[in-house]
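Topology and contacts: notes
Here is how the chains run, residue by residue.
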Amino acid sequence: MTRYFLRRFATMAVTLLAISVLIFVVIKLPPGDFLTMRIQELMAEGDSAAAAKADFLRRAYGLDLPGWQQYLSWIGLWPRAGAYSGLLQGNFGWSFEYDLPVIDVVGDALGATLIVNLAALVFIHLLAIPLAVFTAVRRRGIVAEAITFLAYLGLATPSFLLALILLFYLNRWFGISIGGLVDPDLADAPFSLEKLGSITVHLIVPIVVIALASTAAMIRRMKANLLDELHKPYAVTARAKGLGPTRALLKYPFRMVLNPFVADIGNMLPGLISGSVLVSLVLSLPTVGPILVQALRMQDQYLAGFILLFVAVLTVVGMLIADLVLALIDPRIRFGK
Amino acid sequence: MAGEIPHYVNPAPFDPAAGETMSAREERYYRASSLRLIWWKFRTHRLALLALVLLGTLYVTLPFVEVIAPYGLQSRHGDHIYAPPQRVHLFHDGDFVGPFVYAYRFEFDREKFQRRYVSDESTPQPLRFFCRGEPYRLWGLFDADFHLLCPPSGGTAFLLGTDRLGRDMLSRITYGARISLTVGLVGIAISFALGLTLGGLAGYLGGSVDYLVQRVIEILRSLPELPLWLALSAALPAHWSPILVFFGITLILGLLDWPGLALAVRAKLLSLRAEDYVRAAELIGASRRRIIARHLIPNFMSHLIASATLSIPAMILGETALSFLGLGLRPPVTSWGVLLNEAQNLAAVTLYPWLLVPMIPVMATVLAFNFLGDGLRDAADPYS
């Protein structure tokens with residue numbers, strides 16, 4: 001188990017390194033950078049003091065260096081004396097647009113992103129497992145058919161369009177605005193039960209929207225797997241030797257389908273996080289999504305790079321956890337082939 | 001001794017092939033080509049068939065959107081800004097008139113500071129069909145002014161309302177189909193070429209190439225697509241012409257989509273390599289290229305096409321999402337996503353809900369591609 005864990009961990013580190021290169025290349029693709037444009041702007045306005053400050057920042061963050069040196073100093077493998085130290089040193093860089101350290105700009109948003117995605121993940125499981133089991137067992141019933149149909153529809157409804165529709169109807173029918181993560185009146189209030197309640201209410205719609213497609217996909221896959229297992233000889237044996245229907249279901253076939261199901265979580269994560277970024281934009285949730293789009297538009301490279309990397313880390317670590325859980329519940333993986 | 005056991009002899013002449021003859025139906029089945037078998041199986045999937053008809057119709061009409069749209073893409077109607085959809089009526093004062101609309105009278109609500117359009121129900125204005133209307137240039141070759149549907153003479157027909165410049169939504173949606181529906185096809189072509197090549201190389205060469213391709217796939221699959229799409233499309237130079245941006249966007253969509261296809265190709269190549277007919281071809285002395293091109297690829301092409309069909313919706317949605325966020329296609333190129341971009345804020349959504357209409361064709365297309373893909377996937381292996 002330890003060996004498996006270590007090997008898996010090493011792969012993750014290498015993957016993350018490759019991802020960081022990819023992200024850096026992508027954010028450096030547009031010609032020029034934020035500070036060069038800012039300096040030109042300031043020079044044109046004749047504000048030479050501010051231009052000098054921007055030029056100082058440009059030097060301190062090494063934007064005048066060749067690309068590969070910039071990359072190395074960004075991830076912190078090549079710290080230079082008296083200059084920017086890099087991610088591995090715990091310095092996430094400077095947001096030139098906000099003129100603040102990156103971590104101050106995104107600090108709260110990171111937490112919100114994590115909360116929204118975790119809540120969506122929990123929601124998916126709470127909903128998908130019972131529904132999948134139900135539709136597989138009561139396959140012919142009208143309720144099961146309805147669930148299957150809804151799952152089909154949920155799979156085909158793009159999340160951000162659904163968010164728009166809900167925005168429209170909830171506003172028209174109930175007069176409530178579902179944007180944001182907390183009531184505007186409570187935004188600056190200290191943490192209290194009332195605030196927690198408000199956050200919970202505001203979370204419902206985004207989470208349903210984000211989770212819908214993944215839930216639908218999971219119901220479909222899990223139902224198909226369970227249907228295959230239900231007719232295998234061991235399941236028949238379990239029933240034949242007199243186990244009650246619930247026990248005969250949960251003890252054998254259900255355990256069999258949990259396996260591909262856990263493996264699925266890893267594959268589901270990128271889509272889930274993509275969806276949350278998009279839905280955050282439509283519903284103006286304070287996650288990293290809106291900040292990312294703005295940073296990309298302004299070529300605020302450290303801010304955009306950090307958010308992209310954060311999202312990638314979230315995905316990769318999530319996949320790692322899924323793999324470890326899989327190893328825990330499936331001895332075939334734990335002991336290796 | 002008992003009597004002789006009765007011995008029965010059939011007087012009919014003996015036909016040695018009798019056990020092997022088939023009914024006409026069976027014979028038809030056994031002689032059918034695999035393409036035909038796929039079609040027979042596909043036909044039983046009603047929803048997929050419906051989706052095929054719908055999508056087929058849509059794609060066939062794409063070259064003729066100028067004829068179908070009642071107005072031009074950019075024609076503005078300054079006196080009909082944000083006009084709600086005009087309803088089509090059939091009866092005026094209890095008399096049958098045929099499809100007609102009532103003209104709008106514009107009023108400005110000084111209390112709410114809103115535009116209000118009131119139907120003037122005194123005179124019906126019949127819609128015209130197969131008529132001459134706004135002139136256009138078809139395919140950049142012919143000047144024409146023939147339309148399937150025209151506004152009444154002297155009147156207007158905004159069946160789905162107008163936008164902030166008074167442009168007809170129905171016409172814009174019709175034109176938008178051209179871009180939105182081709183994005184998916186071009187994107188999937190790129191992804192298909194990449195997936196087939198890289199997956200084929202990995203499965204065929206094996207060894208270090210296989211290892212490399214697999215690692216790349218792993219990395220690409222562990223990245224959330226949308227943030228990466230956003231970053232890449234933000235990197236498209238601002239001075240590019242709209243057409244270049246269009247190809248840039250489809251390239252981006254295709255570049256991140258191929259891993260799934262490549263994995264499928266690789267897995268199929270590896271599993272089919274052990275089949276008897278491949279061994280036979282090898283023994284006869286066929287080259288590896290011939291084995292791949294003649295024996296392996298045709299065998300799983302149907303699967304590939306089915307899974308490609310299933311990933312077209314993701315591309316259409318990707319383009320819609322990017323354009324919706326203002327990072328994808330830009331006006332004057334008009335796609336459904338570009339149209340939805342105007343419906344981004346709450347004010348637009350509550351005051352002018354008809355701006356959300358482009359959502360309907362998006363969802364219908366996505367649903368249709370999903371059904372079609374499912375049908376194709378089920379039919380892809382007719383011998384199972």
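Computed from a predicted model, the values in this text were never measured in an experiment.

The next point concerns the overall build of chain B. Secondary structure assignment for chain B yields 14 helices and five strands. Each principal axis of the C-alpha atoms in chain B carries an extent, and together these give about 115 × 70 × 45 Å. In chain B, buried positions account for 45% of the 384 residues. Looking at chain B, you have 33 positive and 31 negative side-chain charges, and the mean spots of the two groups are 6 Å apart.

All names here are of chain B. Pairing within the open sheet is antiparallel, and its three strands lie in the order 1-2-3. For this open sheet the edge positions go to strand 1 (89-92) and strand 3 (114-126), each flanked by a neighbour on one side alone. Pairwise comparison of adjacent strand axes, ignoring direction, gives a mean angle of 55 degrees for this sheet. Here three bridges tie strand 1 to strand 2 (residues 95-109), and the two strands are oriented antiparallel to one another. Within strand 2, the position partnered with histidine 89 by the bridge is phenylalanine 100.

With that settled, consider the domain arrangement of chain B. Structurally, chain B comprises domain 1 (86-157) and domain 2 (171-379). Centre-to-centre separation of domain 1 of chain B and domain 2 of chain B, based on C-alpha positions: 40 Å.

Residue and element names in this part refer to chain B. Note: strand 2 against strand 3, 10 bridges, orientation antiparallel. The partner of phenylalanine 106 across the bridge, within strand 3, is tyrosine 117. Counting the residues between successive antiparallel strands, the hairpin from strand 2 to strand 3 contains four residues, one of them, phenylalanine 113, with a positive phi of roughly 55 degrees.

Scored by pLDDT, chain A has a mean of 78; 89% of the residues are at 70 or more. Per-element mean pLDDT across chain A ranges from 70 in helix 14 (residues 331-334) of chain A up to 85 in helix 9 (residues 233-240) of chain A.

All names here are of chain B. Tracing the chain through its elements places serine 311 in helix 11 (residues 288-324). Judged by its relative accessible area of 14%, serine 311 falls in the buried class. If we ignore the near neighbours within four places in the chain, the residues touching serine 311 are Ile188 and Asp257.

Next up on the list: the interface of chain B and chain A. The interface of chain B with chain A comprises 39 residues on the first partner and 40 residues on the second. The junction of chain B with chain A conceals about 3400 Å² of combined surface from both sides, 81% of it contributed by carbon and sulfur atoms. On the surface where chain B and chain A come into contact, there are zero salt bridges. Put simply, chain B and chain A have zero residue pairs in polar contact (both at pLDDT 80 or more) between them. For the side of chain B that touches chain A, the secondary-structure elements that each account for two or more residues are helix 6 (207-221), helix 7 (225-234), helix 11, helix 13 (346-351) and helix 14 (359-379) of chain B. Here the element with the most residues in the side of chain B that touches chain A is helix 14 of chain B; it accounts for nine residues. Here the residues of the side of chain B that touches chain A are counted per class, giving 29 nonpolar, five polar and five charged.

Looking now at the confidence of the model for chain B. Residue and element names in this part refer to chain B. Across chain B, pLDDT averages 78, with 96% of residues at or above 70. Least confident of the elements in chain B is helix 13, whose mean pLDDT is 71; most confident is helix 10 (residues 276-284), at 87. Reported confidences for the modelled complex are a pTM of 0.76 and an ipTM of 0.73.

Charged atoms that come close allow side chains of opposite charge to pair. Within this structure, the stated rule accounts for three salt bridges over all chains. We note a salt bridge from arginine 8 of chain A to aspartate 323 of chain A, for which the minimum N-O separation is 2.6 Å. Of the two residues, arginine 8 of chain A is situated in helix 1 (residues 2-28) and aspartate 323 of chain A in helix 13 (residues 301-329); the sequence distance between them amounts to 315 residues. A salt bridge links aspartate 210 of chain B to arginine 266 of chain B; its shortest N-O distance comes to 2.6 Å. Linking aspartate 210 of chain B in helix 6 with arginine 266 of chain B in helix 9 (residues 258-272), this pair joins segments that are 56 residues apart in sequence. With relative accessibility at 12%, the residue aspartate 210 of chain B sits in the buried group. On the accessibility criterion, arginine 266 of chain B (15% relative accessible area) is buried.

On to the packing of helix 5 (residues 169-205) of chain B against helix 8 (residues 242-255) of chain B, then. All names here are of chain B. Where helix 5 meets helix 8, the closest approach of the two axes is 8 Å, and the angle between their N-to-C directions is 50 degrees. By the angle between their directions, the pair helix 5 and helix 8 is classed as oblique. Crossing of helix 5 over helix 8 shows right-handed handedness. Contacts between helix 5 and helix 8 involve Ile179, Thr182, Val183, Val186, Gly187, Ile190, Ser191 and Leu194 on the former and, on the latter, Phe246, Phe247, Thr250, Leu251, Leu253, Gly254 and Leu255.

On to the packing of aromatic side chains. Residue and element names in this part refer to chain B. Applying the stated criterion to the full structure yields four aromatic pairs over all chains. Ring geometry for tyrosine 59 versus phenylalanine 369: centroids 6.5 Å apart, planes at 75 degrees, classification edge-to-face. Residue tyrosine 59 is located in helix 3 (residues 46-61), and its partner phenylalanine 369 is located in helix 14; the two are separated by 310 residues in the primary sequence. Looking at phenylalanine 369, the relative accessible area reads 4%, which means it is buried. The aromatic ring of tyrosine 211 is capped on one face by arginine 215, whose charged end is 4.5 Å from the ring centroid.

Rules used throughout
Residues numbered from 1 in each chain as written. Chains lettered and ligands numbered in written order. Predicted model: local features only at pLDDT ≥ 70, side-chain atom pairs only at ≥ 80, totals over all residues. Heavy atoms only, no water. Helix = DSSP H or I, 4+ residues; strand = E, 2+ residues; numbered from the N terminus. Buried < 20%, exposed > 50% of the residue type's maximum accessible area, 1.4 Å probe, protein only. Lys, Arg positive; Asp, Glu negative; His and termini not counted. Charge placed at Lys NZ, Arg CZ, Asp CG, Glu CD. Pairing = 2+ DSSP bridges. Axes fitted to C-alpha atoms, helices over the stretch in contact; angles between N-to-C directions. Domains from an automatic or database assignment. pLDDT = per-residue confidence, 0-100. Contact = heavy atoms within 4.5 Å. Buried area = accessible area lost by both parts, 1.4 Å probe. Salt bridge = Lys/Arg side-chain N within 4 Å of Asp/Glu carboxyl O. Polar contact = N/O pair within 3.5 Å; in protein donor to acceptor, adjacent residues only side chain to side chain. Nonpolar A, V, L, I, M, F, W, Y, C, P; charged D, E, K, R; others polar. Parallel < 35°, antiparallel > 145°, perpendicular 65-115°, else oblique. Left-handed = near helix turned anticlockwise from the far one by under 90°. Phe/Tyr/Trp six-rings, centres within 6.5 Å; stacked < 30°, edge-to-face > 60°. Lys NZ or Arg CZ within 6 Å of the ring centre and 35° of its normal.

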